[in-house]
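# Analysis of the macromolecular model
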Amino acid sequence: MLPSVFGKVVHDQWRATLAWSVGASVLAAFYLALYPSLGGLAEMQTMLDAMPPELRAFFAGEGFDLATPAGYLNIELFSFVLPLVVAGYGVAVGSAAIAGEEERGTLDLLLANPVPRWRVVIEKSIAMLVGIVVLVGAIWIGLALTSVAMDIDLDLGLVASGLTSGALLGMVIGALALALGSITGRRTLSLAVAMVVLVVTYVINAMSALVEGLEAWRPISPVYHYVGYDPLNNGIDPAHASVLVAMTLVGIAVAVLAFERRDVRG
Amino acid sequence: MAEPIIQLSRLTKSYGHARGIVEVDLEISPGEVFGYLGPNGAGKSTTIRTMLDLLRPTSGSARLFGLDSHRESLAIRRRIGYVPGELSLYESLSGWDLVHYFGGLRGGVDDRRVRELADRLDCDLSRETQALSHGNRQKLALLQALMSDPEILVLDEPTNGLDPLTQQAFQSLIADSRRSGTTVFLSSHVMSEVERLCDRVAVIREGRLIALERVDALKARAVRRLEIRFAAPVPEAAFSRLPGVTDLVVDGPVLRCATTGSLDPLMKAANRFEIRDILASEPSLEEIVLAVYANGGTEGTLNHAA
């Protein structure tokens, strides 16, 4: 059951991952199930249209078309809740990977075994990827079951695209927390900073259409590459997805280099 | 002396604020049981964690099996067993889980060997480590260090806080390892443990080695108090000016003195008279080392004889 660092993370994390997955899946299903009963969607659209553009951009992003289930999910799930859930999971796992274990003091015993440090980081990163895939997979299942059961017109392939993009965002923020933890050895710090980065890049993306000068910064925001091109309606875009993958790989590379170079705190 | 299996050369580790170690030189032969003695915070764990590549030297080097502690750490760690000074185990794992996890990282572990060690240590492998007492956690730590039959056993204060019975079990396992040819690097602040188990001992204080000697030589260097009772009064002149004899007092048939080094001159002199009884008080290693400390630990006390 525990042949490797990867197996150990799976052993440690599967219960928590299951809980996150069930919770997120039920939440997503619940949002979607409300859609047919929202008779006043037109009114909600009117309300959105009447909102100050700053507020609207902040909460709903740009695709605020409530006429379709996908437009509704964009606002209710993909613009705000999903990034929080996947990034929250990524940050929890990423900050625990090195810094969490270092703070608990178990790294000394682990690294006394003939396992290279880079391998610990890589196996824990792969475990994080698997966890995030399980998480968005569960959300997809929740949405799929609801749309079938309630006969809601939803393109499940496009939903998978949107969720894949969300998973990549989770990996970017998770890898950031992993890198911060590998540099500092401090779990809470890396968790907090990574979440702040998520919020700041969220704001950069949401407000860039409205605030002068912010538009230029948009390409550095992983949130922009996640949702800015509306993957739920347009399918996943290879260019944007590649940026997220590249950001993730940079985070993991920094984590490896930093951890290989420094002392383990006793 | 054979090629040293552990070789520290001017090994220095400086931290920003805290004291590390300063130019530690040590050579340990294969099969030796080496005691590393010093008070808490003297630099024992720093030395050990550098050997395991958990810390990187500021300058100097640590070589084990002739391999560099940092660049060739993986090859070293394959052949080493380690009990950390501040032990943290994975709390949700059982003993068996832990053994299989680390065994897996070492390319497999022999369950029979694990069972045999568990029996010797009276160690329950089925319980989660968070349910174990301090002593049982230490047992598990020693077990995982021994299970791969390492060539070097690095133990950082392994018996700290253990009850005497468990300490004995530890010491007998360490003695076993020594018989099978394992090199043991044992840090401790318990002198009696080092005295019982070790061939040689280094004393570290404030990051510097202040003594390095064979345990028996250290004991021989110590001042022994001697009292010889003769059948009849003896002349003081027969014992004065003997090498290594000081504080001589002859009181009728009773001679009292302090000796260092060989007892032979004194015994030969005493042999000319009829001896009734000899009382010798041998100082503990603790007293000897305390004497070293009292001398301020100057370079002069460093003796590189191996």
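As the structure is a computational prediction, the values presented were derived from the model and not from experiment. (Residues numbered from 1 in each chain as written. Chains lettered and ligands numbered in written order. Predicted model: local features only at pLDDT ≥ 70, side-chain atom pairs only at ≥ 80, totals over all residues. Heavy atoms only, no water.)

What chain A contains, in helices and strands, is 12 helices and zero strands. Of the regular secondary structure in chain A, the N- to C-terminal order runs α-α-α-α-α-α-α-α-α-α-α-α. For 266 residues, the compact-globule estimate of 2.2 N^0.38 gives 18 Å, and the C-alpha radius of gyration of chain A, at 20 Å, lies within 12% of that figure. C-alpha extents for chain A along the principal axes are approximately 65 × 45 × 30 Å. Taking all 266 residues of chain A together, the buried fraction comes to 53%. Sequence-distant contacts in chain A: of pairs separated by 6 or more residues, those separated by 24 or more amount to 73%. Taken as a whole, chain A presents about 11200 Å² of accessible surface, with 71% of it coming from carbon and sulfur. (Helix = DSSP H or I, 4+ residues; strand = E, 2+ residues; numbered from the N terminus. Rg over C-alpha atoms; globule rule 2.2 N^0.38 Å. Buried < 20%, exposed > 50% of the residue type's maximum accessible area, 1.4 Å probe, protein only. Contact = heavy atoms within 4.5 Å. Areas by Shrake-Rupley, 256 points an atom, 1.4 Å probe, with all protein chains shown as cover.)

If pLDDT is low for a region, its predicted coordinates should not be looked at in detail. For chain B, mean pLDDT is 88; residues scoring 70 or higher make up 92% of the total. Counting contacts from residues 297–306 of chain B, a segment whose pLDDT is below 50, to residues more than four positions away or on other chains yields 18 contacts. (pLDDT = per-residue confidence, 0-100.)

The next subject is the sheet that holds strand 13 (residues 254–259) of chain B. All names here are of chain B. Pairing in this open sheet of four strands is antiparallel, and the strands run 12-13-11-14 from one edge to the other. Two strands in the sheet have a free side with no partner beyond their single neighbour: strand 12 (245–251) and strand 14 (275–281). Strand-to-strand twist in this sheet, taken as the mean axis angle between neighbours without regard to direction, amounts to 15°. In the sheet, strand 11 (residues 224–230) pairs with strand 14 via six bridges, with the strands oriented antiparallel. Paired with Phe230 across the bridge in strand 14 is Ile275. (Pairing = 2+ DSSP bridges. Axes fitted to C-alpha atoms, helices over the stretch in contact; angles between N-to-C directions.)

Now for the pairing of strand 9 (residues 200–205) of chain B. All names here are of chain B. Of all the six residues making up strand 9, five are buried; the element is thus mostly covered by neighbouring parts of the structure. Bridge analysis of strand 3 (residues 33–37) against strand 9 gives four bridges, and the strand direction is parallel. Counterpart to Phe34 in the pairing with strand 9 is Arg200. By the bridge criterion, six bridges tie strand 9 to strand 10 (residues 208–214) in an arrangement that is antiparallel. Among the inter-strand pairings, Arg200 is bridged to a residue of strand 10, identified as Arg214.

This brings us to the domain arrangement of chain B. Parsing chain B into structural domains produces domain 1 (6–219) and domain 2 (223–281). Computed over C-alpha atoms, the centres of domain 1 of chain B and domain 2 of chain B are 44 Å apart. (Domains from an automatic or database assignment.)

Our next topic: the interface of chain B and chain A. Each partner contributes to the interface: chain B provides 28 residues, whereas chain A provides 29 residues. Carbon and sulfur atoms make up 56% of the area that chain B and chain A hide from each other, which totals about 2500 Å². It is B:Tyr90, B:Tyr101 and B:Leu105 that lose the most area in chain B upon contact with chain A, and together they represent 25% of the buried surface on that side. On inspection of chain B and its partner chain A, the count reaches two salt bridges. Ionic pairing is found between B:Arg49 and A:Asp108, a salt bridge with its closest N-O pair at 2.8 Å. Where chain B packs against chain A, one counts 17 residue pairs in polar contact (both at pLDDT 80 or more). (Buried area = accessible area lost by both parts, 1.4 Å probe. Salt bridge = Lys/Arg side-chain N within 4 Å of Asp/Glu carboxyl O. Polar contact = N/O pair within 3.5 Å; in protein donor to acceptor, adjacent residues only side chain to side chain.)

B:Ile6, B:Leu26, B:Tyr36, B:Phe102, B:Leu143 and B:Phe185 are the most contacted members of the largest nonpolar core, which totals 95 residues. At six residues, helix 5 (residues 134–146) of chain B tops the list of elements feeding residues into this core. For B:Phe102, the residues in contact, after removing those within four places along its chain, are A:Leu109, A:Leu110, A:Asn113, B:Tyr90, B:Gln144 and B:Met147. (Core = buried A, V, L, I, M, F, W, Y, C linked by side-chain atoms within 4.5 Å.)

All names here are of chain B. Pairing within the open sheet is antiparallel, and its four strands lie in the order 2-1-4-5. Pairing within the sheet leaves two strands with one partner each, and these edge strands are strand 2 (21–28) and strand 5 (67–68). Across the sheet, helix 1 (residues 44–51) is in contact with strand 1 (6–13), strand 2 and strand 4 (59–64); its angle to strand 1 comes to roughly 115°.

Another aspect to go through is the packing of helix 8 (residues 156–184) of chain A against helix 9 (residues 187–207) of chain A. Residue and element names in this part refer to chain A. It is the contact of helix 8 with helix 9, at a shortest axis distance of 8 Å, that shows an interaxial angle of 145°. When you trace helix 8 past helix 9, the crossing you get is right-handed. Along its contact with helix 8, which presents Leu169, Ile173, Leu176, Ala177, Leu180, Gly181 and Thr184, the element helix 9 presents Leu189, Ser190, Val193, Ala194, Val197 and Leu198. Grouping the constituent residues of the contact of helix 8 with helix 9 by class yields 10 nonpolar, three polar and no charged. (Left-handed = near helix turned anticlockwise from the far one by under 90°. Nonpolar A, V, L, I, M, F, W, Y, C, P; charged D, E, K, R; others polar.)

Turning next to the environment of B:Gly207. All names here are of chain B. With respect to the secondary-structure elements, Gly207 resides in the loop between strand 9 and strand 10. In this structure Gly207 comes out as buried when scored by relative accessible area, which is 0%. Between the C-alpha atoms of Gly207 and Thr47, which are 160 residues apart in sequence, the distance is 9.0 Å. Look past the residues within four positions of Gly207 in its chain and what remains in contact with it is Arg19, Gly20, Ile21, Val22, Val24 and Ala42.

Our focus in this paragraph is the packing of aromatic side chains. The final tally for this structure, using the stated rule, is 11 aromatic pairs over all chains. Note on A:Trp20 and A:Tyr89: the rings are 5.5 Å apart at their centroids and 80° apart in plane angle, and the pair reads as edge-to-face. Residue A:Trp20 is located in helix 1 (residues 5–34), and its partner A:Tyr89 is located in helix 5 (residues 81–104); the two are separated by 69 residues in the primary sequence. Residue classification places A:Tyr89 among the buried positions, given a relative accessible area of 2%. Considering the side-chain rings of B:Phe239 and B:Phe273, the 5.9 Å spacing of their centres and the 40° angle between planes classify their relative orientation as tilted. You can see B:Phe239 sitting in the loop between strand 11 and strand 12 and its partner B:Phe273 sitting in the loop between helix 9 (264–270) and strand 14, a full 34 residues away along the chain. Residue classification places B:Phe239 among the buried residues on the basis of a relative accessible area of 1%. On the basis of relative accessibility, which here comes to 24%, the residue B:Phe273 falls in the partly exposed class. Within the aromatic cluster, the residues linked to one another by ring pairs are B:Phe34, B:Tyr36 and B:Phe185. (Phe/Tyr/Trp six-rings, centres within 6.5 Å; stacked < 30°, edge-to-face > 60°.)

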